[in-house]
Amino acid sequence: MTPLLLPALYLLTTAVLADATQREDQYEILPSPDLLNRLLYLSTTYPNFCTLTTTQEWFGLPRAGKVDDCPFDEIYAAAKREGGSTTNASGKGCNNYVLIIQDKEAYPNDPDVLLDINFSSSSSEQQPQDLESNGWKFVPDVFLSGSVHGNERVGPTSLVEMSELLLESAACESLPRMKFQPIDYITNNKTKNDISGQDTTTATTTPNNEI
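Residues numbered from 1 in each chain as written. Predicted model: local features only at pLDDT ≥ 70, side-chain atom pairs only at ≥ 80, totals over all residues. Heavy atoms only, no water.

What follows concerns the packing of aromatic side chains. Evaluated as defined, the whole model comprises two aromatic pairs. The interplanar angle of 20° and the centroid separation of 4.6 Å between the aromatic rings of Trp58 and Phe59 together place this pair among those described as stacked. Residue classification places Trp58 among the partly exposed residues on the basis of a relative accessible area of 27%. Centroid distance Tyr76 to Tyr97: 5.1 Å. Interplanar angle 80°. Geometry classified as edge-to-face. Linking Tyr76 in helix α4 (residues 73-82) with Tyr97 in strand β2 (residues 97-101), this pair joins segments that are 21 residues apart in sequence. (Phe/Tyr/Trp six-rings, centres within 6.5 Å; stacked < 30°, edge-to-face > 60°. Buried < 20%, exposed > 50% of the residue type's maximum accessible area, 1.4 Å probe, protein only. Helix = DSSP H or I, 4+ residues; strand = E, 2+ residues; numbered from the N terminus.)

Written out as structure tokens, the structure reads:
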């Protein structure tokens, strides 16, 4: 390596390390109550794209742990009661939380969508019934676990952060990509030919409103 390349390589390495350190500072390992609050936030902010449930409600599995291990589970139980659910979502031991990420509008008949008692599709009458009923069967399920080893705290935080990125992106992609002013607006804003006979018509359109 030539001597002239050494300073440039050092500067590049320093910049990369500084950028990596800055990105690391954006995240921190979340305690269990904060994880639950983030999951509740995601489920209420993006109701068309995710459902928060537990393996206890979904599969009838027993809770793990002792009576006082997870007092924050009452937060989830209170949210369920407020939403009209009669399921007992708290008790002895700890819940195992599952965040299901899916497009509920595209596949409202997916059994996983039906877990959300408050969801009502706005497009069920606009799509072909056979696609409505069977389309979800051709969409693969991907299972990601943040707690393969119960004492490793990085996994749950990583999955919550990833879930938020996925949901933010899905919500963004679901918005209209661009808006154009209607043709009537352009027509009404045309100016008459000037005295010289030249056409001074101007047509303006709204710039692309890309997300």
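So that's the structure; there's more coming.
Turning to the layout of surface pockets, a few remarks are in order. Each pocket or cavity is described by its volume, and for the largest pocket that value is around 1600 Å³. Taken together, the elements giving at least two residues each to the lining of the largest pocket come down to α2 (32-45), α3 (55-59), β2 and α6 (154-173). Here the element with the most residues in the lining of the largest pocket is α6; it accounts for six residues. Here the residues of the lining of the largest pocket are counted per class, giving 29 nonpolar, 11 polar and eight charged. (1 Å grid on protein atoms, 1.4 Å probe; cavity = no way out; pocket = protein on both sides within 12 Å on 5 of 7 lines; lining within 4 Å. Points joined across faces, edges and corners; volume = space filled by probe spheres on them. Nonpolar A, V, L, I, M, F, W, Y, C, P; charged D, E, K, R; others polar.)

Glancing now at α4. Within α4, burial applies to Asp73, Tyr76, Ala77 and Lys80. Take α4 and look down its axis: the buried residues cluster within an arc of 100°, on one side only. Among the structural elements, α2, β1 (50-54), α3 and β2 are those in contact with the buried residues of α4. (Arc of directions from axis to C-beta. Contact = heavy atoms within 4.5 Å.)

Axis separation between α2 and α4 bottoms out at 9 Å; the angle between their running directions is 20°. With respect to α4, the axis of α2 lies roughly parallel. On the side of α2, the interface is formed by Leu36, Asn37 and Leu40, while α4 contributes Asp73, Ile75, Tyr76 and Ala79. Class assignment for the residues of the contact of α2 with α4 results in five nonpolar, one polar and one charged. (Axes fitted to C-alpha atoms, helices over the stretch in contact; angles between N-to-C directions. Parallel < 35°, antiparallel > 145°, perpendicular 65-115°, else oblique.)

Bringing the side chain of Ser43 into the picture now. Its place among the elements puts Ser43 in helix α2. Of the polar contacts made by the side chain of Ser43, one reaches the backbone oxygen of Leu40; its length is 2.9 Å. The residues contacting Ser43, other than those within four sequence positions of it, are Cys50 and Leu52. (Polar contact = N/O pair within 3.5 Å; in protein donor to acceptor, adjacent residues only side chain to side chain.)

With that out of the way, let us pick up the pattern of salt bridges. Tallied over the entire structure, the rule returns four salt bridges. Of the charged contacts, one joins Glu161 and Arg38 as a salt bridge, the two residues approaching to 3.2 Å between their closest N and O atoms. In this pair, Glu161 sits in helix α6 while Arg38 sits in helix α2, placing the two residues 123 residues apart along the sequence. For Glu161, a relative accessible area of 18% gives the class buried. On the basis of relative accessible area, Arg38 is assigned to the partly exposed category, the value being 21%. Close ionic contact of Glu164 with Arg38 constitutes a salt bridge, the shortest N to O distance being 2.6 Å. A residue pair is termed long-range when its members are at least 10 positions apart, and Glu164 in helix α6 and Arg38 in helix α2 qualify at 126 residues. Within the structure, one salt-bridge network assembled from shared partners comprises Arg38, Glu161 and Glu164. (Salt bridge = Lys/Arg side-chain N within 4 Å of Asp/Glu carboxyl O.)

Everything listed here is a matter of geometry and, on its own, says nothing about what the molecule does.
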